[in-house]
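Summary of the model geometry
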Protein chains: 2
Amino acid sequence: MSNRKSISAAASRISAYVRHTPVLRVSLGTGSPVALKLELLQHAGSFKPRGAFNRLLSADRPAGGVIAASGGNHGAAVAYAARSLGISAEIFVPSATPAAKVARIASYGAHVVQGGETYAEALVASRRRQAETGALEVHAYDHADVLAGQGTVGREFEQDAPDLTHILVAAGGGGLIGGVAAWYAGSAEIIGVEPEGCPALHDALRAGKPVDAPVGGLASDSLGARQVGALMFPIAQRFVSQAVLVTDEAILAAQRLLWDQFRLVVEPGGATAAAALLSGRFVPPDGARVGVVVCGANTDPAKISG
Amino acid sequence: MSNRKSISAAASRISAYVRHTPVLRVSLGTGSPVALKLELLQHAGSFKPRGAFNRLLSADRPAGGVIAASGGNHGAAVAYAARSLGISAEIFVPSATPAAKVARIASYGAHVVQGGETYAEALVASRRRQAETGALEVHAYDHADVLAGQGTVGREFEQDAPDLTHILVAAGGGGLIGGVAAWYAGSAEIIGVEPEGCPALHDALRAGKPVDAPVGGLASDSLGARQVGALMFPIAQRFVSQAVLVTDEAILAAQRLLWDQFRLVVEPGGATAAAALLSGRFVPPDGARVGVVVCGANTDPAKISG
């Protein structure tokens, strides 16, 4: 169960290994100032090392190394964490994973296996391999230790910006938003944001259970889970107040604005939460104090300036 | 005179107009953790709006608008500040100013005049024009209000990281390092860092007075002052403990590392202070707690990933 206690325990466990990322208060021209949690400055360029370290540090040291399937960011995080702890890693990614992410995973010394169309297919391949090697699986989102690790983003955000009333978080498989929602547990409104092409959380909340959703568009390499995780779903039902969808055009515009006004290079999935505010898909009520988690940077910077 | 009092007054004056930029504590593999002051996330992509706002808000509202000469960042800052305050701006830049910086200055609604080889020539041209228009000159570094404004970087850094013993700051005309040194006033060691191609502070400290220095290399558009300012020089003599020179190769390596490990897009002048630490030109003594001001982002992101 992910709750404030397990998240605080995760924070203690991983604190020597992850960065406490800063908060920047800015005006986005959408009313009151907005607090940006700059989690894109985390090791390996996204929030994912938090969950990966919490999983690895909570388990017995795996004789057969670790194994993970990923769209890219989780793979980079597991590779980074495994190298930090002196453990070998094997990472399965689909063909859609950008070359920059594959190169980054390999740069941390992991063995990368690329194949299949989607994250779901890479997961199947990784599990087949895991049955042979006995490696420790680090799931990208649907594991209690991973959720609790990602929840430390919420814990830091509350420490550094205790006044927030509404927090926008992108959702893919839901590890980050599940952890953040578990941390706040209703003390701030949590708004999930997804691309129209990857509406897994939106569709699950509407259906009352995790259901298959389309996987497509600009941010699918980081937010393209077929379903949200079984562990995060009851947390989302209880503590996520809205699931907002944004267009790819809005994501691209948010990426450009974040570079132009703040000199932040943000990948599509990392700009998705901000896009909800900037495009007007989420309009904060009067008096709201809004926070946005900017959760990933792993793109080619050349794509930003174009 | 720039001192803690004038800098605190500047901080109050400009606080509604500038960002309090965050500090990120990281390991650079150079021993103890290092505190990075992420001043590259400031409006207009560098620390320069602090001095520009302090100058404009300290003066009577100029009927003839404002005028400035700049390698680029100061011009962008003056244009940004002038637009924020509803004042017209005319900015003179040399031919070496990168197209991205010219475009940015123009994007803030300023009239840009490009010509001459160096900042010094642009300054001469701007003063000729100022004599015609009577506009308020905002000097890029050699004015007490500009120095006090830049000193607010030091004030924030001390607030957010009060334990630092050594602070690395890049030097061009010396507005930033002069202001930061005036703030700390000996309570931390201030180390000036310059490219070998632009050693104005290094040469001045050796000569005992500001002297003409070469202007060249990768960072000359932001650090290429012919001489350090007359106002900053006595501050530097008293409170800057070392002036370190770094190669262009070290600056480029620092830019790459700052992107690769921290997802920060940093221009050459902005990476110069970090380069001193990363290249070993500055080796912190045992027990030192080092801070680095990362002071500018205004480059084409495509140049980072190459």
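Conventions we followed
Residues numbered from 1 in each chain as written. Chains lettered and ligands numbered in written order. Predicted model: local features only at pLDDT ≥ 70, side-chain atom pairs only at ≥ 80, totals over all residues. Heavy atoms only, no water. Helix = DSSP H or I, 4+ residues; strand = E, 2+ residues; numbered from the N terminus. Buried < 20%, exposed > 50% of the residue type's maximum accessible area, 1.4 Å probe, protein only. Least-squares fit on C-alpha atoms with pLDDT ≥ 70 in both. Contact = heavy atoms within 4.5 Å. Buried area = accessible area lost by both parts, 1.4 Å probe. Salt bridge = Lys/Arg side-chain N within 4 Å of Asp/Glu carboxyl O. Pairing = 2+ DSSP bridges. Axes fitted to C-alpha atoms, helices over the stretch in contact; angles between N-to-C directions. 1 Å grid on protein atoms, 1.4 Å probe; cavity = no way out; pocket = protein on both sides within 12 Å on 5 of 7 lines; lining within 4 Å. Points joined across faces, edges and corners; volume = space filled by probe spheres on them. Domains from an automatic or database assignment.

Next up on the list: the environment of Arg-238 of chain B. Inspection of the secondary structure puts Arg-238 of chain B in helix H10 (residues 232-239). Judged by its relative accessible area of 66%, Arg-238 of chain B falls in the exposed class.

Our focus in this paragraph is the relation of the copies chain A and chain B. The operation relating chain A to chain B is a screw motion whose rotation component is 180°, with 0.0 Å of axial translation and a residual RMSD of 0.0 Å. Read as a symmetry element, the transformation amounts to a two-fold axis. Rotation axis and chain A: the residue whose C-alpha lies nearest the axis is Ala-302 of chain A, separated from it by 1.9 Å. Of all interface residues in chain A, 100% are interface residues in chain B too; the two copies therefore contact each other through one and the same surface.

Attention now goes to the interface of chain A and chain B. Taken together, the 27 residues of chain A in the interface contact 27 residues of chain B. Carbon and sulfur atoms supply 58% of the area buried between chain A and chain B, which totals about 2000 Å² over both sides. For the interface between chain A and chain B, the tally reads two salt bridges. Across the salt bridge formed by Arg-104 of chain B and Asp-260 of chain A, the nearest N and O atoms sit 2.7 Å from each other. Among the elements of the structure, strand S1 (23-26), helix H11 (248-262) and helix H13 (302-305) of chain A are those that each provide at least two residues to the side of chain A that touches chain B. Element by element, the count of residues in the side of chain A that touches chain B is highest for H11 of chain A, at four residues.

The next thing to look at is the sheet that holds strand S8 (residues 189-195) of chain A. All names here are of chain A. Strand order in the open sheet formed by six strands is S1-S2-S10-S7-S8-S9, and the pairing between neighbours is mixed. If you trace the sheet from one side to the other, it starts and ends with S1 and strand S9 (240-246), each paired once. Neighbour to neighbour, the strand axes of the sheet diverge by 25° on average, direction disregarded. The pairing of S1 with strand S2 (residues 34-38) spans four bridges and is classified as antiparallel. Within the sheet, the bridge partner assigned to Val-26 lies in S2 and is Val-34.

Attention shifts here to empty space enclosed by the protein. All names here are of chain A. Overall, the coordinates contain one cavity of 30 Å³ or more when judged by the stated rule. Of the volumes computed, that of the largest cavity is approximately 320 Å³. For the largest cavity, the lining is made up of 30 residues, of which Lys-48, Gly-172, Gly-173, Ser-222 and Leu-223 are closest to its centre. Among the secondary structure elements, those contributing two or more residues to the lining of the largest cavity are helix H3 (73-84), helix H7 (175-184), helix H9 (220-223) and helix H12 (268-278).

Here we come to the domain arrangement of chain A. Residues and elements named next belong to chain A. The domains assigned to chain A are domain 1 (4-47 + 143-305) and domain 2 (49-137). A separation of 22 Å is found between the C-alpha centroids of domain 1 and domain 2. The interface of domain 1 with domain 2 comprises 29 residues on the first partner and 21 residues on the second. Counting each side, the surface lost to burial between domain 1 and domain 2 is near 2100 Å², with a carbon and sulfur contribution of 58%.

Turning our eyes to something else, we now look at the pairing of S2 of chain A. S2 of chain A sits mainly inside the fold: five of its five residues count as buried. Both faces of S2 of chain A are covered, namely the face carrying Val-34, Leu-36 and Leu-38 of chain A and the face carrying Ala-35 and Lys-37 of chain A.

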